[in-house]
Each structure stands twice: as C-alpha cells, then as structure tokens.
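One letter stands for each residue in the lines below.
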Amino acid sequence: MKSKRKHELQTNELADWIGRVILRLKPHARILGWGALVVLLAAFVFFVLPKIGGGYGAEAVSAAVFDRAQRSFEAEPLREFLRTYPDSPQAPTARLMLADRVLRESAAGVAAGEGADRQAKREKQLAEARDLYAKVAETDDVRRSMARVGLALVLLEEGRLDEGRAALEEVRKAWPQSVAAAKAKVHLEALAGYEPIAFSDEPLEKSEKPKEPGEGGGAPKPGEPKAPETGPPAERKTGETPEPKAEK
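Residues numbered from 1 in each chain as written. Predicted model: local features only at pLDDT ≥ 70, side-chain atom pairs only at ≥ 80, totals over all residues. Heavy atoms only, no water.

A. Focus on the packing of helix α7 (residues 161-174) against helix α8 (residues 179-191). Between α7 and α8, the least distance of the axes is 8 Å, while the angle of their chain directions is 145 degrees. Crossing handedness for the pair α7 and α8: left-handed. For the pair formed by α7 and α8, the contact residues are Arg165, Leu168, Glu169, Val171 and Arg172 on the first element and Ala180, Ala181, Ala184, Lys185, His187, Leu188 and Leu191 on the second. Residue composition of the contact of α7 with α8, by class: seven nonpolar, one polar and four charged. (Axes fitted to C-alpha atoms, helices over the stretch in contact; angles between N-to-C directions. Helix = DSSP H or I, 4+ residues; strand = E, 2+ residues; numbered from the N terminus. Left-handed = near helix turned anticlockwise from the far one by under 90°. Contact = heavy atoms within 4.5 Å. Nonpolar A, V, L, I, M, F, W, Y, C, P; charged D, E, K, R; others polar.)

What follows is the structure in structure tokens.
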C-alpha cells in the first residue's frame, strides 16, 4: 500500500510540474510557435531540400546532355553521354541509339584504313554494337524487342545469314504486334531468295584480240576502206613514157 501511495504522489507531482510549466509558457505561446516553425523550416531547407533538389537537378542535366547527343549524327556524343551518365533514365535509349549508329557505320563501310586494318575496325564496330544491344536486351523490358532485332542484324553483317534469319523470326513470334516485328518482317522480305555469291581467285581467261579490217586475208566488206599497200612501188620499164594525169 505504501509503494502504491508513493507512486500516486510522484505522479501528482509530475502533473503539477507540467501544469506550472504550461502556465508559465502560455503568455509566450505565439513566440514559441513561430520559433518552432522556423526550426522546422530550417531543417527542411538544410537537410531535406538538398537531397530532393540534387536528384532533380542531376536528372535535368542528364536529360539536356542526352538531348544534345541524340540530335547529333555522330556516335561519339552518345558514347560520351554513357561514360558520364551510365545509370541515368536515358541510358537504355542512348545504348540502343548508339548501337544503331555503330551498326549503320559498319554496314556503310565507315572505317578508315585498308585491308586488314579496315577489317579489324569493322569487327570492332560489330562487337561494340553487339555488346550494346545485348545489354539493352538483358536489362530493359521496354526496348528488348528492338535490341533483339539489332542482334539479328549484327549476325547478318557478320555473314551468318541462317542465324540472322532465325533471330528475326523469333522476334516476330515473341512480339507479333510490335514495331520490332514489323522491322524484322522488312528485313526478312529483303532476304527472301538471297544467296551469297561465291567468288573465285582464279584469273579470267584472256580473250583473243579482234582482228583489224583486212587482216587475215579476204576482201574487205563493202563500205570498209581498203587497206593501203605496204610493198615497194612498182618499177617502171626503160623507155616508157609516163601516162599524163587527166586535168580536172
């Protein structure tokens, strides 16, 4: 009973103390309210706003850089964008666009050098396009179908026609109503009936040189000029008078 009574007394003392504090602060309630509001605003400005604003700011900057890169017709601006903003929201689209540009350059033969050097650069371009398409196909569901079409086109550029045709058919079956399926259909129709041409390193046979008119005997055909005589002039006998030329 004594412990219970002691607890009640302590509780009453705490309540009385809180009541006295409230009574003392009541005349200053308006000032204290404004002070609390200022503290909350300061905490928001210094701790919350930088994180939110920083996120939006970085996204806005990456969007602006990507917009400039995609307006260019060169591949290098997109490469620079992906090196700087590899995890930005625009990165999957940038990879797909860069892969398309690199593949287009390879197909058009945009590679400096000749011979083995040119072939090595073309293979490097195809490898870069393949890696970009593969990354988009693995990580981005929205653009996966277009990336699969790109992988099929890389196979075709490498001369692997059967594998390329099979990959395009897979896209048509997996996404029948998509833009990627329409693109795959266009390429399949272009490949219909196409077979690679076999080349030979053997030289062509030399054709005989056509004979000139009058060569090889025989009279010239009507209308053809008569070949001039190449032998020595006929000798004139002694005592013969040359025939006078007829005057015109």
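B. Geometry of helix α6 (residues 144-157). Taking 1.5 Å per residue as the helical rise, α6 with its 14 residues ought to reach 20 Å, and the 20 Å between its terminal C-alpha atoms agrees with that figure. All buried positions along α6 are accounted for by Ser145, Ala147, Val149, Gly150, Ala152, Leu153, Val154, Leu155 and Leu156. Count one or two residues on from α6 and you reach Gly159, which has phi positive near 85 degrees. (Expected span 1.5 Å × (residues − 1). Buried < 20%, exposed > 50% of the residue type's maximum accessible area, 1.4 Å probe, protein only.)

C. View of the environment of Lys183. Note on placement: Lys183 falls in helix α8. Assessed through its relative accessible area of 28%, Lys183 is described here as partly exposed. Between the C-alpha atoms of Lys183 and Val149, which are 34 residues apart in sequence, the distance is 7.7 Å. With near-sequence residues (within four places) excluded, Lys183 lies in contact with Met146, Val149 and Leu153.

D. Region of the structure containing the nonpolar core. Ranked by internal contacts, the top residues of the largest apolar core, which has 34 residues, are Leu82, Leu98, Leu103, Tyr133 and Leu168. Breaking this core down by element, the ones donating at least two residues are α2 (29-71), α3 (76-84), α4 (91-107), α5 (116-139), α6, α7 and α8. (Core = buried A, V, L, I, M, F, W, Y, C linked by side-chain atoms within 4.5 Å.)

E. Structural context of the packing of aromatic side chains. Tallying each qualifying case throughout the model produces two aromatic pairs. Look at Phe66 and Phe81: their rings are 5.4 Å apart centre to centre, the planes differ by 50 degrees, and that puts the pair in the tilted class. Here Phe66 is found in helix α2, whereas its partner Phe81 is found in helix α3, with 15 residues between them in sequence. By relative accessible area, Phe66 is classed as buried at 9%. (Phe/Tyr/Trp six-rings, centres within 6.5 Å; stacked < 30°, edge-to-face > 60°.)

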